[in-house]
Every structure is written in C-alpha cells, then in structure tokens.
Amino acid sequence: MCRILPGAKELTIIAGPCVVESRQLLQDVAGTMVSICAEFQLPYIFKASYRKANRTSGDSFTGLGDLQALEYLASVRENFGVPVISDVHEVHEVEMAAHYLDALQIPAFLCRQTELLQAAGRSGKAVNIKKGQFAAPEDMEKAAQKVRDTGNSNVWLCERGTTFGYHDLVVDMRSLVIMRRSGCPIVFDATHSVQKPSVGATSGGVPEFIPPLTRAALAVGVDAIFFETHPDPTKALSDAATQLKLSSARAFVEQALIIHHARLKSEGIA
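This structure is a prediction, so every number in the text was calculated from the model and none was measured.

Draft legend 1. Region of interest: the side chain of Gln 243. When you line up the elements, Gln 243 lands in the loop between strand 12 (224-230) and strand 13 (244-245). Judged by relative accessible area, which is 4%, Gln 243 ranks as buried. Polar side-chain contacts of Gln 243 include one of 3.2 Å to the backbone nitrogen of Cys 18. Excluding its chain neighbours within four sequence positions, the residues that come into contact with Gln 243 are Gly 16, Pro 17, Cys 18, Glu 228, Thr 229, His 230, Pro 233, Ala 236 and Ser 238.

Right, dumping it as structure tokens:
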C-alpha cells in the first residue's frame, strides 16, 4: 500500500499521462518520471486514467477498454517498481480496478458519492479524493470521513480548482490550509487547476499558469504534487490543452523541490 504521510518532509510526485493511450506511452512516461524522481530522491506514484467517463463530447476518446488499460497500468508497476493510481467512477468498478492498482482516485465530480467512497475505502487501497469544483474545502473532511468509516485511514485530499463563472476555474490557496485540518495529506493538482472546462467540444486550458500556481501551492504547503504529462500534449487523446510536456518535467520537479525545501526551512522543519 502506498502512503503519503502527513507532515512528511518528502514531496511525493504523482504524474503520468491523462489517459492510457497505449502501453508504450505508459512505459515512456514512467521511465522518464522514475529517472527524474530517482535523481531528486522523491517518492513517485504513476497516474493514468484507464477510462475517461466524463468527457465533454460523446465523440471524445474514452479508453482502450478497461481490462487492457488496467493491465498496461499494472505493467508499469511490474517494470519500474512504482505504485500506480487511476480513477474509479462507479461502485461496481472498484473491486476490478483495485486488483490492478495501488491507489484509487475519486474524480472531483464524484467526491460526494457516498457508496463510491465507501467501496473505495473497503478496497483497502489508498484513496485520493479530488475536491469537487463546486465544493467548499471544509466539506471535504466529510468525504474523507466516509472512507475512514470503513476502517481505511489512508485517504488524501486533492485541490484542483473551483468553478469561477462559466468555463473557468480559480485556485483558492486557503483551501489547502483548510483541508489540512482534516488530518489528511494534501495533494495539489497542478494541471487540472488550469483547465477551462467544456470550451467547445473539449476542455481548454492555460498551461502557462501551471508553474506559478504550483509555486504558490508549495509555498502554502502540500504533501504531493499531481500533474499530467505527455511527450507531445498537442497529440494527447485527452486534456491536450493542460498536460505538461514531458521534456519540461525535470525542470518543473526541480523548481518544486526548491520551494518545498524553502518552506520546510522557513517553518523550522528542514
């Protein structure tokens, strides 16, 4: 079981392509990210969605097929020795997905789905709950408690932006402080936070804001940074407008670590 420890000095990196497009893509991204995290001695969790269930358009790519995609994810763990995480959308998916994954992610739109949270908790896997774009940060403690009530205390909370009018999100950095009061490790989703939801047939985004928002979140204090990355985001089959280019990942992680260490020092933790 992978765990992000509250108050740990280490910064965990959760990263990978938005969706499983091919086995080779997963191997390429994982290989690069494993090397980067090894260089900086950071814990790493590989992420990719085995299926996208909430696309803007019905014509958008949703996946290769659940079992094939989950097997590709499991091959990342086998080949690189790192834990893997992916989204679950319905109760009946949890048992199947948990067989292949080390951690389960609850999508933001589903963060209040009691039965889904309970099923994820009963799986015994780590559970990363994304804060809904509509949810107040203090409400997320209730979502976490639904998992904890199953006897599973390995639950994280993830900030990914709040709806700001139509087709836009804003990140309120106060939410990181408020959610930490739950006692859960806190994750900042650096790439979905710059999304422009449902602009035309797909979601858009402003990736230029990925680095500054990440710097701000790290200065406030988080336990993990989540970001989606792809060798060529313009050709990605999902979230092409917000994924970080894989060639930029090393510099991004290096800068994140500098700010993380500066915060620890300022708080007398380092």
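Picking up after the structure, the text goes on.
Draft legend 2. Spotlight on the nonpolar core. Residues Ile 13, Met 33, Phe 46, Ile 129, Ile 225 and Phe 227 are the most contacted members of the largest nonpolar core, which totals 70 residues. With 7 residues, the single largest contributor to this core is helix 1 (residues 23-39). In this structure, Ile 14, Ile 85, Trp 156 and Cys 158 belong to the second largest nonpolar core, which totals 10 residues.

Draft legend 3. Representation of the pairing of strand 3 (residues 84-87) in the model. Side chains Val 84 and Ser 86 project from strand 3 onto one buried face, and the interleaved Ile 85 and Asp 87 project onto a second face that is buried too. Inspection of the sheet shows strand 2 (residues 44-47) paired to strand 3 by 2 bridges, in the parallel sense. Paired with Lys 47 across the bridge in strand 3 is Ile 85. Sheet topology places strand 3 next to strand 4 (residues 103-106); 3 bridges connect them, and they run parallel. Pairing of Ser 86 across the sheet is with Leu 104, part of strand 4.

Draft legend 4. Examining helix 2 (residues 66-80) more closely. Under the 1.5 Å per step criterion, the end-to-end length of helix 2 is 21 Å for 15 residues, consistent within 8% with the ideal 21 Å. Of all the positions in helix 2, only Ala 69, Leu 70, Tyr 72, Leu 73, Ala 74, Ser 75 and Val 76 are classed as buried. On its buried face, helix 2 sits against helix 1, strand 2, strand 3 and helix 3 (91-100).

Draft legend 5. Broad picture of the pattern of salt bridges. Enumeration according to the criterion identifies 14 salt bridges in this entry. Of the charged contacts in the structure, one is a salt bridge between Asp 102 and Arg 77, with a shortest N-O distance of 3.1 Å. Taken as a pair, Asp 102 in the loop between helix 3 and strand 4 and Arg 77 in helix 2 lie far apart in primary sequence, 25 residues in all. One salt bridge in this structure joins Asp 168 and Lys 196, with 3.5 Å as the shortest N-O distance. In this pair, Asp 168 sits in the loop between strand 7 (162-163) and strand 8 (169-170) while Lys 196 sits in strand 10 (residues 195-199), placing the two residues 28 residues apart along the sequence. Taking relative accessible area as the criterion, Asp 168 reaches 25% and is therefore assigned partly exposed. Salt bridges linked by common partners bring Glu 39, Arg 250 and Glu 254 together as one network.

About the criteria used
Residues numbered from 1 in each chain as written. Predicted model: local features only at pLDDT ≥ 70, side-chain atom pairs only at ≥ 80, totals over all residues. Heavy atoms only, no water. Helix = DSSP H or I, 4+ residues; strand = E, 2+ residues; numbered from the N terminus. Buried < 20%, exposed > 50% of the residue type's maximum accessible area, 1.4 Å probe, protein only. Polar contact = N/O pair within 3.5 Å; in protein donor to acceptor, adjacent residues only side chain to side chain. Contact = heavy atoms within 4.5 Å. Core = buried A, V, L, I, M, F, W, Y, C linked by side-chain atoms within 4.5 Å. Pairing = 2+ DSSP bridges. Expected span 1.5 Å × (residues − 1). Salt bridge = Lys/Arg side-chain N within 4 Å of Asp/Glu carboxyl O.

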